[in-house]
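# Reading the structure
The residues making up each chain are set out below.
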Amino acid sequence: MLDIKYIRENLETVEARLKTRGEGVSLAPFRELDGRRRELLQQSESLKAMRNKASEEIARLKDKSQAEELKTKMREVSQQIKGIDEELKVVEEELQTFLLTVPNTPNPATPVGKSEADNPVVRTWGDRPSFSFQPKPHWEIGEELGILDFERGAKLTGARFTLYRGLGARLERALINFMLDLHTGEHNYIEMLPPFMVNRESMTGTGQLPKFEEDLFHLEGVDFFLIPTAEVPVTNIHRGEILKGSDLPINYVAYTPCFRKEAGSYGKDTRGLIRQHQFNKVELVKFADPATSYDELEKLLANAEEVLRRLGISYRVVELCTGDIGFSAAKTYDIEVWLPGQECYREISSCSCFEDFQARRAGIRFRPEEKAKPEFVHTLNGSGLAVGRTVVAVLENYQQADGSVLIPEALRPYMGGVERIG
RNA sequence: GGAGAGAUGGCCGAGUAGGUCGAAGGCGCUCGCCUGCUAAGCGAGUAUACUGGGUAAACCGGUAUCAAGGGUUCGAAUCCCUUUCUCUCCGCCA
């Protein structure tokens with residue numbers, strides 16, 4: 001959520017920056033609702049001030065008849081207040097609802113563009129493997145090795161659900177542990193294991209609600225949602241809190257499954273593990289001082305990249321342009337791995353700085369100094385990495401002519417010493 | 001699922017025959033004093049949001065907040081209702 005006062009004072013600037021996202025965002029409703037709200041607020045508050053004075057007076061009065069007179073008057077005032085407050089409540093709800101649907105303003109440094117095609121490549125790393133044969137896509141590799149069972153996954157649940165078997169399941173688990181160990185042991189993150197379902201407040205805090213409810217799995221009987229990413233529970237850990245400035249930055253890493261409806265992606269990536277309703281992810285989350293949040297973003301990105309470097313898998317980093325950036329983000333880098341079986345780069349991580357957009361929604365603040373006024377923190381997060389897609393990358397990049405798959409060196413301790421599948 | 005208890009400021013904890021309670025007291029913290037150092041001691045200060053004025057600062061005024069929402073009342077932390085959460089006992093259960 002954007003700062004009301006900031007919008008009020010910089011309406012044109014804010015609107016212009018939002019326009020670079022390409023959406024038809026208009027702040028016209030804001031001007032009217034905000035003005036009306038302040039008008040009603042002032043009416044209500046001055047009447048309340050009057051009533052408070054009168055109430056004190058009544059308490060002090062010895063003369064009963066005088067008190068009666070005042071009471072009668074105040075009875076009327078209270079009725080007036082009630083009327084104004086009812087209207088005020090409606091206006092405030094409308095204003096709030098409106099503001100919650102306005103996306104974040106992209107950071108001025110974010111490149112302006114319309115779509116994915118306009119995302120500049122920041123760097124590429126590693127050599128793409130060369131093959132003496134035609135490399136296969138991971139779904140073929142996985143099925144032939146008997147480690148990925150798409151048919152039975154679909155039988156159990158439906159499309160976009162997969163059953164892992166044997167060393168396939170082991171590989172997924174190995175990657176999760178490898179990533180968690182790396183980030184906790186070498187990158188200074190604290191491991192968290194949060195609930196996999198959260199309430200409406202948490203979803204609103206990070207920006208999934210109210211706008212994107214159709215992408216979420218909602219439970220029947222209770223108002224809970226399955227998390228689409230660990231970003232939601234982990235960022236909300238400090239919802240409504242005031243943190244100590246000296247504790248920042250706070251770094252958390254969490255493994256969770258993620259559940260997404262993938263509404264609107266019918267027919268896209270229907271084969272393989274790329275787009276599932278349920279997938280595993282190791283997520284990095286930071287709470288940072290606004291002064292250093294963009295340094296932290298670079299670190300977070302480097303921490304995520306390190307996973308692929310250790311695995312020896314080629315990738316590139318792109319910076320998302322204003323037209324491609326997410327609703328809550330001010331700046332985002334995507335890491336894309338090279339998939340030889342499909343001859344393309346695919347997103348495997350998305351690292352973003354949200355500035356104070358989520359912090360304002362979720363009420364996450366800090367005191368820069370002991371006695372200082374609380375300010376909103378900056379929140380950041382990024383995948384470190386999407387586990388299913390990492391399995392894809394390993395299978396496709398390490399496939400051999402005989403159909404087997406080599407296990408990257410760094411992963412072998414996590415595979416019980418297994419060096420090769422098949 | 002059944003029965004009961006509770007939810008107050010950073011923390012602990014008073015306050016229930018409704019009024020001057022944003023809220024005693026303690027701890028913690030900040031500043032000053034004292035002290036050879038530390039500890040102890042003494043004094044002062046120590047919530048947040050919105051809003052009006054003011055030079056977007058300092059500052060001054062108003063309103064709200066004692067889990068959340070509603071009700072009674074001139075007036076509610078205190079009374080009534082609903083919801084949420086926590087704890088105890090029973091049942092069920094990985």
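Computed from a prediction, not measured in an experiment: that's the story for all the values here.

Moving on, we come to helix α12 (residues 387-397). Among the 11 residues in α12, 11 count as buried, and that is most of the element. V387, G388, R389, T390, V391, V392, A393, V394, L395, E396 and N397 are the residues of α12 that are buried.

Judged by pairing direction, the sheet is mixed, and its three strands sit side by side in the order β7-β13-β14 without closing on themselves. The open sheet is flanked by β7 (242-244) and β14 (375-376), the only strands paired with a single partner. Relative to β14, strand β13 (residues 365-367) is paired through two bridges, and the arrangement is antiparallel. Paired with F366 across the bridge in β14 is E375.

Approximately 260 Å³ is the volume attributed to the second largest pocket. Lining of the second largest pocket is provided by 19 residues; of these, A159, R160, T270, R271 and G272 occupy positions nearest its centre. Elements that contribute at least two residues to the lining of the second largest pocket include exactly α5 (138-145) and α6 (150-156). Across the lining of the second largest pocket, the residue classes tally to six nonpolar, eight polar and five charged.

The next point concerns the protein's contact with RNA strand B. Near RNA strand B you find 25 residues, and of these R8, R37, R75, R365 and R367 are the closest. Sugar and phosphate atoms constitute 75% of the interface atoms of RNA strand B, taking the interface as everything within 4 Å of the protein. E45 is positioned with one of its side-chain polar atoms (N or O) 3.0 Å from a base nitrogen of RNA strand B. Sorting elements by how many residues they give to the surface near RNA strand B places helix α3 (residues 28-60) first, with 12 residues. Tallied by class, the residues present in the surface near RNA strand B amount to six nonpolar, four polar and 15 charged.

On to the environment of T322, then. For T322, the position within the fold is in the loop between β10 (315-319) and β11 (331-339). In this structure T322 comes out as buried when scored by relative accessible area, which is 2%. Placed 37 residues apart in sequence, T322 and A359 show a C-alpha to C-alpha distance of 21 Å. With residues near it in sequence (within four places) discarded, T322 still touches T20, R21, P106, T110, P111, V112 and G113.

The next point concerns the side chain of R346. For R346, the position within the fold is in strand β12 (residues 344-353). The exposure class of R346 is buried, given its relative accessible area of 17%. Once residues within four sequence positions are removed from consideration, R346 is found in contact with D269, I274, R275, I335, E336, V337, L339 and R389.

Right, let's talk about the confidence of the model for chain A for a bit. Low pLDDT marks stretches whose predicted atomic positions should not be read closely. For chain A, the mean per-residue pLDDT works out to 93, and 100% of the residues sit at or above 70. Two numbers describe this predicted complex: its pTM, 0.93, and its ipTM, 0.87.

Right, let's talk about helix α4 (residues 64-100) for a bit. Along its 37 residues, α4 runs 51 Å from first to last C-alpha, staying within 8% of the 54 Å computed at 1.5 Å per residue. Buried residues of α4: A67, L70, M74, V77, I81, I84, L88, V91, L95, F98, L99 and L100, and no others. Buried residues along α4 sit in contact with α1 (4-9), α3, α8 (200-206) and α11 (357-362).

The element β11 is largely enclosed, with a buried count of nine among its nine residues. Neither face of β11 is exposed, since K331, Y333, I335, V337 and L339 on one face and T332, D334, E336 and W338 on the opposite face are all buried. Sheet topology note: the β10/β11 ladder contains five bridges and is antiparallel. Directly across from V318, in β11, lies its bridge partner D334. One ladder, built from nine bridges, connects β11 with β12; its direction is antiparallel. Looking at β12, one finds that K331 is bridged to C353. Taking the residues between adjacent antiparallel strands as the criterion, β11 and β12 are bridged by four residues, where E343 takes a positive phi near 50°.

Where helix α7 (residues 167-185) contacts α12, the two axes come as close as 10 Å, and the packing angle between them is 110°. Looking at the two axes, α7 sits roughly perpendicular to α12. As for how α7 packs across α12, the hand of that crossing is right-handed. Facing L171, E172, L175, I176 and M179 of α7, the residues of α12 in contact are V387, G388, T390, V391, V394 and L395. Its residues assigned to classes, the contact of α7 with α12 shows eight nonpolar, two polar and one charged.

Further remarks concern the sheet that holds strand β15 (residues 378-386). Sheets are built from strands paired through backbone hydrogen bonds, the pairs being either parallel or antiparallel. Ordered by their spatial adjacency, eight strands build an open sheet running β1-β10-β11-β12-β15-β9-β8-β4, and the pairing between neighbours is mixed. With one partner strand each, in any of the chains shown, β1 (121-125) and β4 (190-192) form the two edges of the open sheet. Taking the axes of each pair of neighbouring strands and ignoring which way they run, one obtains an average angle of 25° across the sheet. Alignment of β1 against β10, held across four bridges, turns out to be antiparallel. Its bridge partner being in β10, R123 is matched across the sheet by V317. The strands touched by α12 within the sheet are β9 (278-288), β11, β12 and β15, with β15 carrying the most contacts at an inclination of about 40°.

Rules behind the numbers
- Residues numbered from 1 in each chain as written.
- Chains lettered and ligands numbered in written order.
- Predicted model: local features only at pLDDT ≥ 70, side-chain atom pairs only at ≥ 80, totals over all residues.
- Heavy atoms only, no water.
- Buried < 20%, exposed > 50% of the residue type's maximum accessible area, 1.4 Å probe, protein only.
- Helix = DSSP H or I, 4+ residues; strand = E, 2+ residues; numbered from the N terminus.
- Pairing = 2+ DSSP bridges.
- 1 Å grid on protein atoms, 1.4 Å probe; cavity = no way out; pocket = protein on both sides within 12 Å on 5 of 7 lines; lining within 4 Å.
- Points joined across faces, edges and corners; volume = space filled by probe spheres on them.
- Nonpolar A, V, L, I, M, F, W, Y, C, P; charged D, E, K, R; others polar.
- Near = heavy atom within 4 Å.
- Polar contact = N/O pair within 3.5 Å; in protein donor to acceptor, adjacent residues only side chain to side chain.
- Contact = heavy atoms within 4.5 Å.
- pLDDT = per-residue confidence, 0-100.
- Expected span 1.5 Å × (residues − 1).
- Axes fitted to C-alpha atoms, helices over the stretch in contact; angles between N-to-C directions.
- Parallel < 35°, antiparallel > 145°, perpendicular 65-115°, else oblique.
- Left-handed = near helix turned anticlockwise from the far one by under 90°.

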